[in-house]
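This is what each chain is made of:
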Amino acid sequence: MEGKVEARLEAERPWQADLCQFFTRDKVVELCLRHVAFPENLLTMRLLEPAAGQGAFFLPLLPRLVEAGRTQKKTMDLLRPVIRAYEIDGEVATNLRRQCATTLEELDVPRAKAMEIAQCWIRNEDFLEARPRQRFTHIVSNPPYIRWDSIPAALRDVYKTRFNSFKQRADLYVAFIEHALGLLEPYGQLAFLCPGTWTRNVYGNAIREAFTSQGQLPE
């Protein structure tokens, strides 16, 4: 997690704000996205970003999305279902909606439509509490890394009940992986920037089993 956000946070901040307000540098994002195979027709993609932050993983795709819509002579409304992004911090979510709308406007999407699309894309919610009705073809993120002891006890108990992997002093990012895997389409792709501790620690058993039974890791 690199590049601390400079935005001033409001008084009513989520409990994670002091622990994980670090966002991913562009070069790291580029490296991660290089390993993701996006469809030739981007409008068929359903992209999930569980910890959106500053939108580093999907803002670079917006020019290609808009161009795909124009090439296929589609209405910009078809962009709505392509991206779903969760951000738990209200101010960060607001800033990200503004950035999405600004980027779309710069691509000649009318202002009102750009704001509608940005509002649709960005959800100010805790991803671990969210229950999307759809599944996703691509899930990319730099999830929060928060140690077991730093998570409020009551919420930790909720996560323990909800996620099989979240036990034995697991880091919060492990729950993000489990929840994301459950939302992935068959033959979909998941690309997370995270520590490798889950590959060897006891608390990573459930995630390792999930990858074995539900998919495979690239060599």
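Analysis parameters
Residues numbered from 1 in each chain as written. Predicted model: local features only at pLDDT ≥ 70, side-chain atom pairs only at ≥ 80, totals over all residues. Heavy atoms only, no water. Phe/Tyr/Trp six-rings, centres within 6.5 Å; stacked < 30°, edge-to-face > 60°. Helix = DSSP H or I, 4+ residues; strand = E, 2+ residues; numbered from the N terminus. Buried < 20%, exposed > 50% of the residue type's maximum accessible area, 1.4 Å probe, protein only. pLDDT = per-residue confidence, 0-100. Contact = heavy atoms within 4.5 Å. Arc of directions from axis to C-beta. Pairing = 2+ DSSP bridges. Right-handed = clockwise from strand over helix to strand, strands pointing away.

> Would you explain the packing of aromatic side chains in this entry?
Geometrically, a pair of aromatic rings is defined through the distance of the ring centres and the angle of the planes. Taken as a whole and assessed by the stated rule, the structure comprises six aromatic pairs. Plain terms: the ring middles of Phe-127 and Phe-176 are 5.5 Å apart, the flat faces sit at 35° to each other, and that makes the pair tilted. Residue Phe-127 is located in the loop between strand E3 (122-123) and strand E4 (136-141), and its partner Phe-176 is located in helix H7 (residues 172-182); the two are separated by 49 residues in the primary sequence. According to the relative accessible area criterion, Phe-127 is buried, its value standing at 1%.

> When you look at the confidence of the model for the protein chain in this model, what are you seeing that I'm missing?
Atomic detail in the predicted coordinates should be set aside for any region of low pLDDT. In this model, the protein chain carries a mean pLDDT of 85, and residues with pLDDT of at least 70 account for 85%. Confidence, expressed as mean pLDDT per element, reaches its minimum in the protein chain at helix H1 (residues 17-20) with 54 and its maximum at strand E2 (residues 83-86) with 98. With pLDDT under 50 throughout, residues 1-11 is counted as low confidence; its partners more than four residues away or in other chains account for 25 contacts.

> Before we go on, may I ask you to explain helix H5 (residues 111-121) in this structure?
Every α-helix winds through 3.6 residues per turn, so residues three or four apart in the chain are directed the same way. Taken as a whole, H5 has its buried residues at Ala-114, Ile-117, Ala-118 and Trp-121. Buried residues of H5, seen end-on, are gathered within an arc of 100° and therefore sit on one face of the element. Summarising the contacts, the buried residues of H5 are in contact with helix H3 (62-71), E2, helix H4 (90-106) and E3.

> Help me understand H3 in this model?
All buried positions along H3 are accounted for by Leu-62, Leu-65, Val-66, Ala-68 and Gly-69. Axial view of H3: buried residues confined to an arc of 155°, hence all on one face. Taken together, the buried residues of H3 touch E2, H4 and H5. Just beyond H3, the residue with positive phi is Lys-73, at close to 55°.

> Explain the pairing of E2 here, please?
Each regular strand carries side chains that alternate between the two faces of the sheet. In E2, alternate side chains face the same way, and those of Ile-83 and Ala-85 on one face and Arg-84 and Tyr-86 on the other are all buried. One ladder, built from three bridges, connects strand E1 (residues 47-49) with E2; its direction is parallel. Looking at the pairing, Leu-47 lines up with Ile-83 of E2. Regarding the hand of the β-α-β motif, the stretch spanning E1, H3 and E2 is right-handed. Looking at chain direction, E2 and E3 are connected through two bridges and run parallel. Considered in E3, the bridge of Tyr-86 is made with Arg-123.

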